[in-house]
Amino acid sequence: TQLLEQSPQFLSIQEGENLTVYCNSSSVFSSLQWYRQEPGEGPVLLVTVVTGGEVKKLKRLTFQFGDARKDSSLHITAAQPGDTGLYLCAGVRFIGMRFGAGTRLTVKP
Amino acid sequence: DVKVTQSSRYLVKRTGEKVFLECVQDMDHENMFWYRQDPGLGLRLIYFSYDVKMKEKGDIPEGYSVSREKKERFSLILESASTNQTSMYLCASSQSTPGQGVSGANVLTFGAGSRLTVL
C-alpha cells in the first residue's frame, strides 16, 4: 500500500485540454512537494506547498494543498506537448521523503 | 549549476555478483538518499545518510547496504545481486534545514539514474 496514492496512473490528452491529477493520503503531512520526471532524467522539483488550503501557480500549473494537509492536486491549463512526463508527489514521513507512484501524462500535438 | 552524478547509467550484472553504485554531489549537502524506481510503485527509499559515516534504513533496505566515507559520496552496495533487484536506482541529495535536519521538506536534487539489469 502506497503512503501517497496518485490518480490517475496514466493520462493521455490532446494539446490545449485541461487536466487535474491528484495525490491523496490518510496521513497528515507538514508539506507536500510535486516533481516532474522526464525520460532518462531524475525528478525535478516543481513546487512545495506548506499551508493547508494553499494554492500556488507556476505559469499554467496550479497546485493546491488540501485544508487537512492530507491531499494535493495539480491542475494544468491548456496542456502543451512539453508538459509530457511523470508527475510525482512527495511528502516527509518520519524522516526521509516518500513518493507516490506518479501520474504519467502524455500530451499529443 | 548544482549536480548529482551517478557513475553508471546502465549496468548488466549476473545473479550473485557484488554491485557498487556510486553517487557524487558537488553541493556540500548533508543529506543523501538512494531510491529505486519501478513501474507502478514509484520511488521507494532504500537508505539515506544525514552525515558522513551515518546511515539510516529506509523502507526497503533488505539486500542492500551503503557507505558514506566522504560527505560528497554515497555508495549503494548489492552484496549478492538478485533478479528482483533489476530496477532504476536514483540518488538524491538535500541541504539540511537548521532545526529540521533530514526531516525537513528540503528540495531533493536527483541524479539521472542508474538502470541495473540482473540476469
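What this report covers is the structure whose coordinates are included nearby.

Criteria and cut-off values
- Residues numbered from 1 in each chain as written.
- Chains lettered and ligands numbered in written order.
- Predicted model: local features only at pLDDT ≥ 70, side-chain atom pairs only at ≥ 80, totals over all residues.
- Heavy atoms only, no water.
- Helix = DSSP H or I, 4+ residues; strand = E, 2+ residues; numbered from the N terminus.
- Rg over C-alpha atoms; globule rule 2.2 N^0.38 Å.
- Areas by Shrake-Rupley, 256 points an atom, 1.4 Å probe, with all protein chains shown as cover.
- Disulfide = S-S within 2.5 Å.
- Buried < 20%, exposed > 50% of the residue type's maximum accessible area, 1.4 Å probe, protein only.
- Pairing = 2+ DSSP bridges.
- Axes fitted to C-alpha atoms, helices over the stretch in contact; angles between N-to-C directions.

1. So, the overall build of chain A
Tallying secondary structure elements over chain A gives zero helices and eleven strands in all. Element order for chain A, N to C, with α for helix and β for strand: β-β-β-β-β-β-β-β-β-β-β. For chain A, whose C-alpha radius of gyration is 13 Å, the value lies close to the compact-globule estimate of 13 Å for 109 residues. If one aligns the C-alpha atoms of chain A with their principal axes, the spans along those axes are about 40 × 30 × 20 Å. Total accessible area on chain A is roughly 5100 Å²; 51% of this is exposed by carbon and sulfur atoms.

2. Section: the state of the cysteines
Linking two cysteines covalently via their sulfur atoms produces the bond known as a disulfide. A full pass over the atoms with the stated rule returns two disulfides over all chains. Put simply, Cys23(A) and Cys89(A) are joined by a disulfide, and their sulfur atoms are 2.0 Å apart. Here Cys23(A) and Cys89(A) share a disulfide; its torsion about the S-S bond, 75 degrees, makes the bridge right-handed. On the criterion of sequence distance, the pair formed by Cys23(A) in strand β3 (residues 19–24) and Cys89(A) in strand β9 (residues 85–92) is long-range, its members being 66 residues apart. What makes Cys23(A) buried here is its relative accessible area of 0%. Judged by relative accessible area, which is 0%, Cys89(A) ranks as buried. A sulfur-sulfur separation of 1.9 Å characterises the disulfide bridge that pairs Cys23(B) with Cys91(B). As the torsion about the S-S bond is roughly -75 degrees, the Cys23(B)-Cys91(B) disulfide counts as left-handed.

3. Regarding the sheet that holds strand β7 (residues 65–70) of chain B
All names here are of chain B. As summarised here, the arrangement of the four strands in space is β1-β3-β8-β7, forming an open sheet in which the pairing is antiparallel. Edge strands, defined here as strands with exactly one partner in the open sheet, are β1 (4–6) and β7. Between one strand axis and the next, the sheet turns by 20 degrees as a mean value, whatever way the strands run. Bridge count for β1 against strand β3 (residues 19–25) is three bridges, and the pairing is antiparallel. Of the residues in β3, the one forming a bridge with Thr5 is Val24.

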